[in-house]
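Inside the fold
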Amino acid sequence: MTHNPFAPGAKRPPVTEGVFSPEEVALANRNSGALLETLGLDITPTGTHYLLNHFDVPVLSDSEHMLRFEGAFDAPFSLNMDEIRALPQVTRPVTLECAGNGRAGVSPRCFSMPWMYEAVGTSEWTGTLLAPLLARAKPQAGVQDFAFLGADYGFDKGQPHFFGRSLTPDQIADLDVMLVWGMNSHPLLPQHGAPLRIVVPGWYGMASVKWLTKIKALTERYQGFQQVQTYRLRKDEDDPGTPITTIRVKSLMKPPGVPDWVTRQRWLQAGRVTIEGRAWSGGGVPIDRVEVLLGDTWRTAELTGRRDRYAWTGWRIDWDATPGVYDLACRATDAEGNMQPLEAPFDMAGFANNSVHRVRVHVAEAAT
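Below: a short report on this structure. Quantities reported herein were computed from a predicted structural model and do not represent experimental measurements.

Moving on, we get to the overall build of the chain. Across its full length, the chain carries 5 helices and 24 strands. Relative to the 2.2 N^0.38 estimate, which gives 21 Å for 368 residues, the radius of gyration of the chain is 22 Å and therefore close to what a compact globule would have. By its C-alpha atoms, the chain is 75 × 45 × 35 Å across when sized along the principal axes. Per-residue burial over the chain gives 51% buried out of 368 residues. Element-wise, carbon and sulfur atoms account for 51% of the exposed surface of the chain, whose accessible area totals about 16900 Å². Counting 36 positive and 41 negative side-chain charges, the chain places the averaged centre of each group 1 Å from the other.

If you want it as structure tokens, here you go:
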């Protein structure tokens, strides 16, 4: 590309709560969140797993696709998809959450994808562990970073780039990073990174690069746009920020009753109601408890277990609902003592908002 038509460093205007620009609506039409009514399921149906794609979805040929190990390796090599699928196989359920999930609840916030609660999902990912392949390529002694580069290309703040992220050798050693070609017993769909992506269990979704084409060993830290200029927690314009990594503790409830079309508030009849949902935390840390606000009282829910250390935990609680209007809420606490806050933690870009999920419920007299 010989001409950059977009202004480098162009700033996005701040946005106040409840106001969405036409451009944000267009982003929301391209991307999609999970259906909260599927929270009763251990595994999110593939068609309802959240999507956040920065640029156009590359349509890549499975038969021609190659993954190249390049840079500071003593034994760089390439693999086609048949060779990758012939490697030792692992399938595990992993909960992925977009780092911007909950952004719409932060005000003021920067212009971006206006996520509310639904940018999360749990799938069974099939692939092979990445670490043995890196060892096979023999990283040189001075390697500081491994960069993962996708085929999706576009502009952000005037800067053209392929989407890329990196992990350090120490992070690779600590994380169960997977090279993935399957999702819920089927090949990856184009919008989920076909034919090949990585999945970084326990981290926010930006680390799980889709449409993977190259893994580069670097003797300096990777300086790609998506690594150093975004996905950082920042308090103000002068704050260089802290890199976003591990998912914060969070929970969601399956909305009870039936919805109003416009407001999504709920209606149900008085009587015994079972409320259920999911809770998760990053880094494989288990959930210790989930509490549900019923009226003015936080009550402890029953945990119903999880299928893997990187998958969410189910929870449920029975409620004897009496007539009235209620703002139900759920909050999780993990095994390290981290608890969801009642209000959104501030971040310039609205990242990592793990405040409690609230649902307004209208309870009517029981039918006679």
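Continuing now.
Right, let's talk about unusual backbone geometry for a bit. Between S107 and P108 the backbone carries a cis peptide bond, its omega angle lying at -10°. Mapping P108 onto the fold places it in the loop between strand 4 (90-97) and strand 5 (109-110). Looking along the chain, the bond that leaves A194 and enters P195 is cis, with omega of 5°. Tracing the backbone shows P195 in the loop between strand 10 (186-187) and strand 11 (197-199).

Taken as a whole, this structure holds 17 salt bridges when the rule is applied. The salt bridge involving R85 is made with D62; its shortest N-O contact spans 2.7 Å. Of this pair, R85 sits in helix 2 (residues 81-85) while D62 sits in the loop between helix 1 (22-30) and strand 2 (66-71), and the two are 23 residues apart along the sequence. A residue is classified by how much of its surface remains accessible, and R85, at 30% relative accessible area, is partly exposed. Looking at D62, the relative accessible area reads 34%, which means it is partly exposed. Across the pair D82 and R85 runs a salt bridge whose closest N-O atoms are separated by 3.7 Å. A residue pair is termed a helical-turn pair when its members lie 3 or 4 positions apart in one helix, as D82 and R85 do in helix 2 at 3 residues.

Here S251 shows up in strand 15 (residues 250-253). Engagement of the side chain of S251 in a polar contact is seen with the backbone oxygen of C330, the distance being 3.5 Å. Ignoring any residue separated from it by four or fewer positions in sequence, one finds S251 in contact with R278, A279, W280, W315, C330, R331, A332, Q340 and H357.

Turning our eyes to something else, we now look at the sheet that holds strand 24 (residues 357-364). Spatially, 6 strands are ordered 16-17-24-23-19-20 in an open sheet, and the strand pairing comes out mixed. The open sheet has two edge strands, strand 16 (258-259) and strand 20 (297-300), and neither has a second partner.

Bringing the sheet that holds strand 15 into the picture now. The 4 strands are arranged 15-18-22-21 in an open sheet whose pairing can be described as antiparallel. The strands lining the two open edges of the sheet, one partner per strand, are strand 15 and strand 21 (302-305). Mean inter-strand twist for the sheet, computed between neighbouring axes without regard to direction, equals 30°. Here strand 21 pairs with strand 22 (residues 313-321) via 3 bridges, running antiparallel. Looking at strand 22, one finds that L303 is bridged to W315.

The next point concerns the nonpolar core. Counting 64 residues, the largest nonpolar core has F69, W125 and F148 as its most contacted members. A total of 5 residues in this core trace back to one element, the largest contributor, which is strand 9 (residues 178-183).

The subject of this paragraph is the environment of R358. Within the element layout of this structure, R358 appears in strand 24. Here the alpha-carbon distance between R358 and L39, two residues 319 residues apart in the chain, equals 15 Å. Residues within four places of R358 in sequence aside, it is in contact with Y117, L328, A329, L342 and E343. A distance of 3.5 Å separates a polar atom in the side chain of R358 from the backbone oxygen of L342.

So, about the packing of aromatic side chains. Two descriptors summarise a pair of aromatic rings, namely the distance from one centre to the other and the angle between the planes of the rings. Taken as a whole and assessed by the stated rule, the structure comprises 9 aromatic pairs. A centroid spacing of 6.0 Å and a plane angle of 20° characterise the contact between F73 and F146, whose relative ring orientation is stacked. Taken together, the positions of F73 in the loop between strand 2 and strand 3 (78-80) and F146 in strand 7 (residues 145-156) put the pair 73 residues apart, joining distant regions of the chain. We note that F73, like F146, is buried. A network of ring pairs unites the aromatic residues F69, F73, F77 and F146 as a single cluster. Sitting above the plane of the F77 ring, R136 keeps its charged end 4.1 Å from the centroid. Taking NZ or CZ as reference, R331 lies 4.0 Å from the ring centre of W298, over its face.

Each value, and the rule that gives it
Residues numbered from 1 in each chain as written. Predicted model: local features only at pLDDT ≥ 70, side-chain atom pairs only at ≥ 80, totals over all residues. Heavy atoms only, no water. Helix = DSSP H or I, 4+ residues; strand = E, 2+ residues; numbered from the N terminus. Rg over C-alpha atoms; globule rule 2.2 N^0.38 Å. Buried < 20%, exposed > 50% of the residue type's maximum accessible area, 1.4 Å probe, protein only. Areas by Shrake-Rupley, 256 points an atom, 1.4 Å probe, with all protein chains shown as cover. Lys, Arg positive; Asp, Glu negative; His and termini not counted. Charge placed at Lys NZ, Arg CZ, Asp CG, Glu CD. Salt bridge = Lys/Arg side-chain N within 4 Å of Asp/Glu carboxyl O. Polar contact = N/O pair within 3.5 Å; in protein donor to acceptor, adjacent residues only side chain to side chain. Contact = heavy atoms within 4.5 Å. Pairing = 2+ DSSP bridges. Axes fitted to C-alpha atoms, helices over the stretch in contact; angles between N-to-C directions. Core = buried A, V, L, I, M, F, W, Y, C linked by side-chain atoms within 4.5 Å. Phe/Tyr/Trp six-rings, centres within 6.5 Å; stacked < 30°, edge-to-face > 60°. Lys NZ or Arg CZ within 6 Å of the ring centre and 35° of its normal.

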